Amino acid sequence: MPRVLIRQERCKGCELCIYACPQHVLAISENINEKGYFFAEVADQPRCIGCRLCAVTCPDQVIQIGLNGVMVHYYDY
Amino acid sequence: MELAFKISTAMKDVPTHYCPGCTHGVVHRMVAEVLEELNIRERTVGVAPVGCAVLIYNYLNNDFMEAPHGRAPALATGAKRARPDLILYTYQGDGDLASIGFNEIFHAANRGEKITVIFINNGIYGMTGGQMAPTTLPEQVTTTSPDGRDVSQTGFPVAVSEALATQATPGFIVRCSVHDGLHQIQTKKLIRRAFQNQVDNRCFSLVEILSTCPTNWGLTPQQSLEHIRDNTLQHYKLGILKSPEEV
Ligand SMILES: Cc1ncc(C[n+]2csc(CCOP(=O)(O)OP(=O)(O)O)c2C)c(N)n1
Ligand code: SF4
Ligand code: SF4
Ligand code: SF4
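In this numbering scheme, every chain counts its residues from 1 along its sequence in written order. For this description, chains carry letters from A and ligands carry numbers from 1, given in the order in which they are written. In view of the model being predicted, local features appear only for residues whose pLDDT reaches at least 70, and side-chain atom pairs are presented and counted only at 80 or more, with totals across whole chains, interfaces and linings using the full set of residues. Side-chain measures were taken over the full set of non-hydrogen atoms in the model, leaving aside hydrogen atoms and water.

On to the interface of chain B and chain A, then. Any two residues whose heavy atoms approach within 4.5 Å at even a single point are treated as in contact. Tallying the contact residues gives 32 residues for chain B and 29 residues for chain A. Each partner contributes to the roughly 2700 Å² buried at the junction of chain B and chain A, and carbon and sulfur atoms together form 61% of this total. Here, a salt bridge means any Lys or Arg side-chain nitrogen found within 4 Å of an Asp or Glu carboxyl oxygen. One can count 2 salt bridges joining chain B with chain A. Between D13 of chain B and R7 of chain A there is a salt bridge, with the nearest N and O atoms lying 3.0 Å from each other. Definition of a polar contact: a pair of N or O atoms within 3.5 Å, with one able to donate and the other able to accept a hydrogen when the atoms are protein atoms, and with sequence-neighbouring residues admitted only if both atoms are side-chain atoms. Connecting chain B to chain A are 15 residue pairs in polar contact (both at pLDDT 80 or more). The way it works is that DSSP assigns letters per residue, a run of H or I at least four long becomes a helix, a run of E at least two long becomes a strand, and they are numbered from the N terminus. Of all the elements in the fold, those that place two or more residues in the side of chain B that touches chain A are β1 (2-5), α1 (24-37), α7 (181-199) and α9 (221-235) of chain B. When grouped by side-chain class, the residues that make up the side of chain B that touches chain A number 16 nonpolar, 7 polar and 9 charged. If DSSP finds at least two bridges between two strands, the strands pair. Sheet analysis places strand β4 (residues 63-67) of chain A next to β1 of chain B, joined by 3 bridges and oriented antiparallel. Bridging from a neighbouring strand, L67 of chain A pairs with E2 of chain B of β1 of chain B. Joining two parts hides part of their accessible area as seen by a 1.4 Å probe, and the buried area is that hidden amount summed over both. Each residue gets one label: Ala, Val, Leu, Ile, Met, Phe, Trp, Tyr, Cys and Pro are nonpolar, Asp, Glu, Lys and Arg are charged, and the others, such as Gly, are polar.

Okay, structure coming up:
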């Protein structure tokens, strides 16, 4: 199972990861971080297919994808 | 936990000063990942531009020099000729490379300097507050073209990559974009090829990347990506314009 790991303190709330996710896993929080941004958070983890597109699009190195067990690589990156 | 996507060790663990959603950050990360994957970070020297990426030396974990506006190819040329064992790259915006620095890049490419150039084309001067650049699209509103770029007065967007690709000197000249996942993946691959060319001592390499400036375009980050898809791509064709295998 893939797991999205978000460093909320680094997020600038740009929403690019939310649009990039084909599975609608991510959402913008109702809370703000130290910098004052509404940060991205995981809304629906079980839907995640570990495609990594959210992490590839994030301009601020906020997202890492963790992995338990086998994962399908949809593309080389 | 094992990681299927991890933050590159060639990236310093600090927040960047870029506006939210600015694709400078995406390209920074891709360059860092390539330096790590090719295992060249410790012998790589970057040349920082004048423009929003002026502080890139705070973010990537390789050595850096800071060039005067547009002069990054000259610094890279000198360092590469003195120390051919080093990997030299410049990271330049379109105001820096296509305007004040056009002469520098044109001749560096013509001389076939074995350096790698990362060229961020966001069609505007970001750092100084959104003035028109040579690469600005026709009709695009900027602070110095408030009625939209008038091509009868200021010409059409300057196609740097096409201009460099006409030179007889062998080189690797490509244009790509980071406006969606597919293109981001392709861009990373082309950046890797551009560095691999230098590792193999092959040729001059330039990767032009269509990027966004949400702040000065007056759009949200996602609208900016859609703007590239719907408008910028009408004026700039993606693809490999020249590759050393052809010549
Ligand atoms: C010799 C000189 N002329 C002008 C400037 C002012 N200046 C600073 S950044 C810049 C343009 C930067 O635009 P670009 O290269 O497109 O980078 P961006 O900020 O969009 O990433 C200019 C004209 C300068 N610093 N030095
Ligand atoms: S890895 Fe893919 S499916 Fe999972 S959150 Fe990121 S973009 Fe969505
Ligand atoms: S792309 Fe990155 S910075 Fe932007 S909202 Fe998502 S996690 Fe935050
Ligand atoms: S001004 Fe434009 S190019 Fe500069 S950091 Fe902000 S969005 Fe990016």
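The discussion continues.
Let's shift gears to the confidence of the model for chain B. Each residue carries a pLDDT value, the predictor's own confidence for that position, ranging from 0 to 100. Per-residue confidence for chain B gives a mean pLDDT of 97, with 99% of residues at or over 70. Prediction confidence for the complex, expressed as pTM and ipTM, is 0.97 and 0.96 respectively.

The next thing to look at is the site of ligand 3. Here a residue is near a molecule or strand as soon as one of its heavy atoms is found within 4 Å of it. The environment of ligand 3 is formed by C11, K12, G13, C14, E15, C17, A40, C58, P59, V62 and I63 of chain A. Its residues placed into classes, the shell around ligand 3 shows 8 nonpolar, 1 polar and 2 charged.

Another aspect to go through is the pairing of strand β2 (residues 44-48) of chain B. Residues and elements named next belong to chain B. β2 sits mainly inside the fold: 5 of its 5 residues count as buried. Exposure classes here rest on a 1.4 Å probe applied to the protein chains alone. A residue is buried below 20% of its type maximum, exposed above 50%, and partly exposed in between. Residue alternation in β2 divides its side chains into two sets, T44, G46 and A48 and V45 and V47, and both sets are buried. Looking at chain direction, β2 and strand β4 (residues 87-93) are connected through 4 bridges and run parallel. Within the sheet, the bridge partner assigned to V47 lies in β4 and is T90. The pairing of β2 with strand β3 (residues 63-66) spans 4 bridges and is classified as parallel. Residue A48 lies in a different strand from β3, and its bridge partner there is E66.

The next subject is the layout of surface pockets. Residues and elements named next belong to chain B. Each pocket or cavity is described by its volume, and for the largest pocket that value is around 350 Å³. When contributions to the lining of the largest pocket are tallied by element, the ones reaching two or more residues are α3 (94-100), β6 (124-125) and α8 (214-217). Of the residues assigned to the lining of the largest pocket, the class counts are 12 nonpolar, 12 polar and 2 charged. Site definitions follow a grid-based scheme: protein atoms alone, a 1 Å grid, a 1.4 Å probe that fits but cannot get out for cavities, and for pockets an open set with protein on both sides within 12 Å along at least five of seven lines, plus lining residues having an atom within 4 Å of a point. Grid points are joined across faces, edges and corners, and a volume is the space filled by probe spheres set on the points.

Before going further, it helps to spend a moment on the nonpolar core. Ranked by size, the top nonpolar core spans 60 residues in total, and within it I63 of chain A together with L60, I118, I191 and F195 of chain B carry the most contacts. For this core, the element with the highest residue contribution is α1 of chain B, accounting for 7 residues. In this structure, I63 of chain A is in contact with V4, L5, I6, C17, C54, A55 and C58 of chain A together with F5 of chain B, ignoring residues within four places of it in sequence. In these notes, a set of buried Ala, Val, Leu, Ile, Met, Phe, Trp, Tyr and Cys residues joined through side-chain atoms within 4.5 Å is what counts as a nonpolar core.

Below, the discussion takes up the pattern of salt bridges. Residues and elements named next belong to chain B. Here the structure, examined in full by the defined rule, presents 17 salt bridges over all chains. Ionic pairing is found between E36 and K6, a salt bridge with its closest N-O pair at 3.9 Å. Here K6 lies in the loop between β1 and α1 and E36 lies in helix α1, a separation of 30 residues in the sequence. For K6, a relative accessible area of 48% puts it in the partly exposed group. A salt bridge links D200 to R202; its shortest N-O distance comes to 3.0 Å. We classify D200 as partly exposed; its relative accessible area is 36%. Among the ionic contacts, a cluster of salt bridges with common partners joins R29, E33, E37, K188 and R192.

Next up on the list: the site of ligand 2. Around ligand 2 sit V4, C21, P22, Q23, V25, C48, I49, G50, C51, R52, C54 and I65 of chain A, and that is every residue in its neighbourhood. Considered class by class, the residues forming the shell around ligand 2 number 9 nonpolar, 2 polar and 1 charged.

It is worth spelling out the sheet that holds β1 of chain B at this point. The sheet built from 3 strands is open, its strands ordered β1(A)-β4(A)-β1(B) with antiparallel pairing. Each edge of the sheet is formed by a strand with only one pairing partner; in this case those strands are β1 (2-6) of chain A together with β1 of chain B. Across the sheet, the axes of successive neighbouring strands diverge by a mean angle of 40°, strand direction being ignored. As paired elements, β1 of chain A and β4 of chain A share 5 bridges and run antiparallel to each other. Bridge assignment links V4 of chain A to a residue of β4 of chain A, and that residue is I65 of chain A. Axis lines are fitted to C-alpha atoms, over the contacting stretch for helices. Their N-to-C directions set the angle, which ranges from 0 to 180 degrees.

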